[in-house]
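# Observations on the model geometry
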Amino acid sequence: MKPLYPLLRTAALFVVLAFPSITAAIEFTPEEQAFIAEHPTVVVGGEIDWPPMDFVEDGIYKGAAKDYLDEIEARTGVSMNIVTGYSWSELMDLLRSKRIDMLPMMYWTEQRGREFNLTNPFITVRHYVFTHGKRKDIGSFEDLHGKTMAVPQGYAHIEYLANNHPEILVIEVPSILDAMDQVLTGNADAVIENTASMAYYAENQSIYGLMPAFPVKFEVDNVHMAVRKDWPVLRDILQKALDEISVERTTEIMSRWTGNEATAKTFLTAKAEFSDAESAYLRDKGQLVACVHANRMPVEGLRNGNHTGMTADYLRYVSDSMRVPISTIAAASWRDIRANVAAGRCDLVTLVLDTAHHLPELALSEPFISEELGLATIVSEGFYENLGELAETRIGVVDGYADIGRLRLNYPAIEFVEYSAISDALHDVADGQIFGVVDHLHSLSYAIRRNFSDTLKVSGDFSDEPTGFNIGVDKQQPELTSAVAKVLQSVPDAMKQNIHRKWVAVSIEKQTDYTLLIQSSVIGLILLSLLYFRYREVKQHRKEVQEKNNQLERINVKLEEQKHSAMHMAYHDQLTGLSNRAKLLLDLDHSLKLSHRTGGKVAVLFLDLDRFKHVNDSLGHDVGDKLLQLVAKRISDLLRDTDMLCRIGGDEFIVVLEAICDAYSPCVVAQRIIAELQKPFQVGEHSINIGTSIGIAVSPDDSDDINSLIKYADSAMYSAKDAGRNDYRYYHEELSHKATRRVSIESALRRSLKDQDFSLVFQPIIELGKRQVVKAEALIRWNHGRLGAIPPEEFIPIAEEFGLIVELGEWVLRHACETLRRLAAKDCCLDAIAINVSSVEFLKGNLASRFESITREYDVKSEQIEIEITERYMLEQDQQSETELQALRQLGHTISVDDFGTGYSSLSYMKRLPLNIIKIDRSFIQNIPHDQNDVEISQAIISLSHSLGYRVVAEGVETADQLEFLLQRACNFAQGYYFSKPVSELELPETVARVNAMLKSVRPVVPRIRAIQS
């Protein structure tokens, strides 16, 4: 078969060349075309647990990485064979050993830069440190010193933390989900991740309680594609395909996986945008020539005849960005480079100082590399901190790479000797011809380590003499000049840091006074001599004692092992390794006592497998035992670390859920278990289908007694079996119905958010002093096709719990803005529309910026949108929420507190928060003026609010007597059924006109107290 291989390769190459439609958008070099022909399929390693970027869900590989791979397939014709099922550490090992060819998403580290071929970054991921939501003590990395950070194994964050914050203890865990659990359970203080991934876990894994503590910016923000080390040509192919993907397509991809376009745009990396003239020039140019120096490492040089060093990395980025290949002409000195420029051989010159030494033929870019000057001397010299200390010495400088004119002007007492090469200057230092060499620190250090490590050293670091290197461009090519400037401006900061760290390694030796060290050493030797003889006397005795201690320790270890083994057998099921009934009773007792102290709830889920007896009877107990082990594994994988799973006998299991927020949460876990156990089990050659029925009992609602709680869950399980199996039931049937409805509402709410299946109604708000309608409160309504009309008090808490309230609140704001514009067109001009904002929306952050963006989009003034918060906000507000509220007030929004008096309102909060209006709850208005208590409470709230500078709105006004009372007490505003019920937008103009006409007939009332005016 070997003789056929060249023919097959030729045929494959012919296919690639014969069908240009596959790669028509990209011009591949002959080498790249040959590679594609020889490797029509590459093996890609996909992550399993980095949603929404790169992950597997329900056995299907998906995420932003998959979309990018599809784009590359379409542009290159290369087929992507994606393999999954490996952890990140395993994927890295597979790429190192060349068992896979590439990884679609990787953060840069110095080690990875050496091990793999990395593309330019194609997206930027913004990272945050997340902590438990209740913590307020962490706002920076310094606050985490001495604390613990959970990080998945192999993640680039580990190297960053070790280098920059070694004081933070890193706990390595298998996955980001495990890292989040470590923080939620208190085993770690923080975790680093991007907000898109955290939002995905919150929505799809129901993991709540983590909040962003502070944003972080480090080298691992940029995402690259990584290719095995021996295939750089594949990296070039991928780079060309990535360069073809437009900003619009990148935004579309990230919008799909992050949920909205605004978030997606935060993932965009900077790209140079060329004008039509620049693009046409580069396309016609086809090839560029750069003149480079052969021996300025690590900044620039030759290695095996190839251009290398820091400028080589920058030059490759310039070439990739402009899509023009760049060849190089190397010269041994700046004089030779100038000759090449004068002869017209150079389009670019890579290392150019902005001094009079350089040719007028070159236009200079902004500096892209900044270097400090250093001093090289013989090893016996001390350390010099400034050039002024070198007076009356002969110092070598390299022509073209130090600003000789500036140095001579600033330091006239130094005799500067010019050299064409840094090596010549260093040789003269070693021979004693000159005192030292002043040049750029990194080049000096590199040259010394290469050839003069025994005789010379870096003896000075002159940070006050920085030098910026530019790229020089032929002035006859203005389009090239502007294009190079744009590319250099687009270089990501992280890439600059990566290049610098990759190439720079400076060793600076400072002069040390060894006198004190020698004296200390002598004294130490004397003391050691005196102690030595005493040490020999006790050494033998120590040895005997140590041997006895070792024997006792071995005995204790064996006893502890036996004790542990006995305890494990006593408290664990021997077949599955799960806790048994005895351990369940102990753990459940502890959980119930803990819940009593904290006021939380504990749920017991009693599981019985459906059709398991049939498996035992037909396939044997051996198959049944293996099936039980697989069942235990599947259920365990679904639970949190804080949850308990026990096998109490046969095919019966019990799950204990600690610290649940309400009685309905366990049904979510029950549904997941039912869905997971419905999937077939493979036991040997048998594919087995079973199911499970689950009963749920909740403490303290059903009982706070251990045995009763288990019995009630068992009873509820049989109710589930009687209802048809493969289902769950609560011990109280009412809870089952409520849980089912709650799940139905949550599912319908997600669909309705996509379909915009909501409406707004508006209730007029009357300014009592003017006797007219001045604004209206917007109230959301939801009429579902299957569930019917669902009141806000039922679906709003569910939206808050499942993180849907932010999207719902944005919908209300947009429709309120639209309504204001349409009403104005109908000559129904209201001062404002009031909307309710949940306290959860404040916790999500960026609320003020979202309000500002949306009102600007609809050309609505901030003063026209009034924000109503509840007293619950005052209880839950933190520094972030208060900052958001202050920002909203500064934008011009009016802030009001709704339902005042029904909860707990601290006067200190009222004084500190930027409030404008207090809304008295309807429960205090409905019985006035007949109920004296309500009269006094309402009057007190009005007086207190006015004394603090707030205006007051009375809700629920239904009678003329109530209106007269409010007028007498100088209440500022009122709303209620006496004026109008909530009406649709179409009815609102007519309603406003009707109410205004009615208010004209209200007789004047002299207020008993003075009101705060609008």
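Okay, the confidence of the model for the chain next. In this model, the chain carries an average pLDDT of 83, and 87% of its residues clear a pLDDT of 70 or more. Note that pLDDT drops below 50 for residues 1-24; the model gives that stretch 17 contacts with residues more than four away or on any other chain.

The subject of this paragraph is unusual backbone geometry. Residue Pro-298 is bonded to the preceding Met-297 through a cis peptide linkage, with omega at 5 degrees. In this structure, Pro-298 sits in the loop between strand E16 (295-296) and strand E17 (300-303). Residues Ser-699 and Pro-700 are joined by a peptide bond in cis, for which omega reads 5 degrees. Within the secondary structure, Pro-700 is located in the loop between strand E32 (691-699) and helix H25 (706-722). One non-glycine residue, Glu-392, lies in the positive phi region at around 65 degrees. Along the chain, Glu-392 falls in the loop between strand E22 (369-378) and strand E23 (394-398). Even without glycine at this site, Arg-771 takes up a positive phi of about 60 degrees.

Looking now at the sheet that holds strand E12 (residues 190-194). On the basis of which strands lie adjacent, the open sheet formed by 5 strands has the order E11-E10-E12-E9-E13 and mixed pairing. What marks the edges here is a single partner per strand, and that holds for strand E11 (169-173) and strand E13 (210-216). Across the sheet, the mean angle from the axis of one strand to that of its neighbour is 35 degrees, orientation sign disregarded. Strand direction decides the pairing type here: strand E9 (residues 127-132) and E12, joined by 4 bridges, are antiparallel. Residue Val-129 lies in a different strand from E12, and its bridge partner there is Ile-192.

The strands that make up a sheet are held in pairs by hydrogen bonds between backbone atoms, and each pair lies either parallel or antiparallel. In space, the 3 strands of this open sheet follow the order E16-E17-E18, with antiparallel pairing throughout. The sheet is open, and its two edges are formed by E16 and strand E18 (306-308), each paired on a single side. With 3 bridges joining them, E17 and E18 adopt antiparallel strand pairing. Bridge pairing in E18 places Arg-303 opposite Asn-306.

Another aspect to go through is the packing of helix H30 (residues 847-857) against helix H32 (residues 879-891). Interhelical geometry of H30 versus H32 gives an angle of 25 degrees and a closest axis separation of 8 Å. Taken together, the axes of H30 and H32 are roughly parallel relative to one another. Side by side, H30 and H32 meet where Leu-847, Ala-848, Phe-851 and Glu-852 of the first sit next to Glu-884, Ala-887, Leu-888 and Leu-891 of the second. Classifying every residue of the contact of H30 with H32 gives 6 nonpolar, no polar and 2 charged.

Right, let's talk about the packing of helix H3 (residues 64-76) against helix H9 (residues 232-244) for a bit. Relative orientation of the contacting elements H3 and H9 amounts to 105 degrees, with a least axis distance of 9 Å. Taken as axis vectors, H3 and H9 run roughly perpendicular relative to one another. Residues Tyr-68, Ile-72, Arg-75 and Thr-76 of H3 touch H9, and the partners they reach there are Ile-237, Leu-238, Ala-241, Leu-242 and Glu-244. In the contact of H3 with H9, the residues fall into 6 nonpolar, 1 polar and 2 charged.

This next bit is on the pattern of salt bridges. Under the definition given, this model contains 42 salt bridges. Arg-822 is paired through a salt bridge with Glu-985; the nearest N and O atoms lie 2.7 Å apart. Linking Arg-822 in helix H28 (residues 805-825) with Glu-985 in the loop between strand E42 (973-974) and helix H37 (988-999), this pair joins segments that are 163 residues apart in sequence. On the basis of relative accessible area, Arg-822 is assigned to the partly exposed category, the value being 37%. Under the relative-accessibility criterion, Glu-985 is labelled buried at 16%. The salt bridge involving Lys-919 is made with Glu-868; its shortest N-O contact spans 2.7 Å. Of this pair, Lys-919 sits in strand E40 (residues 917-920) while Glu-868 sits in strand E38 (residues 865-870), and the two are 51 residues apart along the sequence. Neither residue differs from the other here; Lys-919 and Glu-868 are each classed as buried. One salt-bridge network, held together by shared partners, links Glu-71, Arg-75, Arg-249 and Glu-252.

The rules behind these values
- Residues numbered from 1 in each chain as written.
- Predicted model: local features only at pLDDT ≥ 70, side-chain atom pairs only at ≥ 80, totals over all residues.
- Heavy atoms only, no water.
- pLDDT = per-residue confidence, 0-100.
- Contact = heavy atoms within 4.5 Å.
- Helix = DSSP H or I, 4+ residues; strand = E, 2+ residues; numbered from the N terminus.
- Pairing = 2+ DSSP bridges.
- Axes fitted to C-alpha atoms, helices over the stretch in contact; angles between N-to-C directions.
- Parallel < 35°, antiparallel > 145°, perpendicular 65-115°, else oblique.
- Nonpolar A, V, L, I, M, F, W, Y, C, P; charged D, E, K, R; others polar.
- Salt bridge = Lys/Arg side-chain N within 4 Å of Asp/Glu carboxyl O.
- Buried < 20%, exposed > 50% of the residue type's maximum accessible area, 1.4 Å probe, protein only.

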